[in-house]
Amino acid sequence: MVSSRSSSFYCFKAVRYDIDFACGIESESVLANAASGMAVHDDCKLKFLELKAKRTFRTIVYKIEDKQVIVEKLGEPEQSYDDFAASLPENECRYAIYDFDFVTEENCQKSKIFFIAWSPDTAKVRDKMIYASSKDRFKRELDGIQVELQATDPTEMGLDVFKSRTN
């Protein structure tokens, strides 16, 4: 026998699903946004898909603004690693995608998509907490990330680190 409490929950969930479905919103996405308190702009996922499928960009830098993750900068396919590293702010957190090209021991050209959680020691504590608590939710939106790096200073995301993580 179902108690009145659990039947109310199911009723609420069904109504919530119907409302979300009618509005064209996936329930799981809405609940995840509510849990993390952070929305993800559609452009974030679209630009990532372009990088992954068409290689239109080398890098994407994302920032949190007004409780929403947005695209801040796009790096052209010719952009160097040094230009990318210099594009990350010295005192502010960011998420970034870097499409790293390398040659295997078998002399095959390959690439891996890196997700970087940039959280410098000099950033505000509140910002570090917001970025840390939203990271997993945001990463779930970007299907195809192959390697994740957490960096608090440039040495933790140097080219040598990228190369060592390609194996």
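Residues numbered from 1 in each chain as written. Predicted model: local features only at pLDDT ≥ 70, side-chain atom pairs only at ≥ 80, totals over all residues. Heavy atoms only, no water.

Under the annotation held in an unreviewed UniProt entry, the protein carries the name ADF-H domain-containing protein and is attributed to Brassica campestris. Looking at the protein in UniProt, the text filed under Sequence similarities (unreviewed entry) is "Belongs to the actin-binding proteins ADF family." (UniProt positions renumbered as here; feature names shortened; annotations may be inferred.)

**Section: the side chain of Lys135**
By the secondary structure assignment, Lys135 is in helix 5 (residues 125-141). Relative accessible area serves as the criterion here: at 16%, Lys135 is assigned to the buried category. Within the local environment of Lys135, its side chain forms a polar contact with the side chain of Glu148, the two groups lying 2.7 Å apart. (Helix = DSSP H or I, 4+ residues; strand = E, 2+ residues; numbered from the N terminus. Buried < 20%, exposed > 50% of the residue type's maximum accessible area, 1.4 Å probe, protein only. Polar contact = N/O pair within 3.5 Å; in protein donor to acceptor, adjacent residues only side chain to side chain.)

**Points about the environment of Trp118**
Structurally, the position occupied by Trp118 is in strand 5 (residues 109-118). The class for Trp118 is buried, based on a relative accessible area of 6%. Sequence spacing of Trp118 and Pro89 is 29 residues, and the spatial spacing of their C-alpha atoms is 9.0 Å. If we ignore the near neighbours within four places in the chain, the residues touching Trp118 are Leu88, Pro89, Glu92, Cys93, Arg94, Ala151, Thr152, Asp153, Pro154 and Met157. A polar contact is formed between the side chain of Trp118 and the backbone oxygen of Glu92, at a distance of 3.4 Å. (Contact = heavy atoms within 4.5 Å.)

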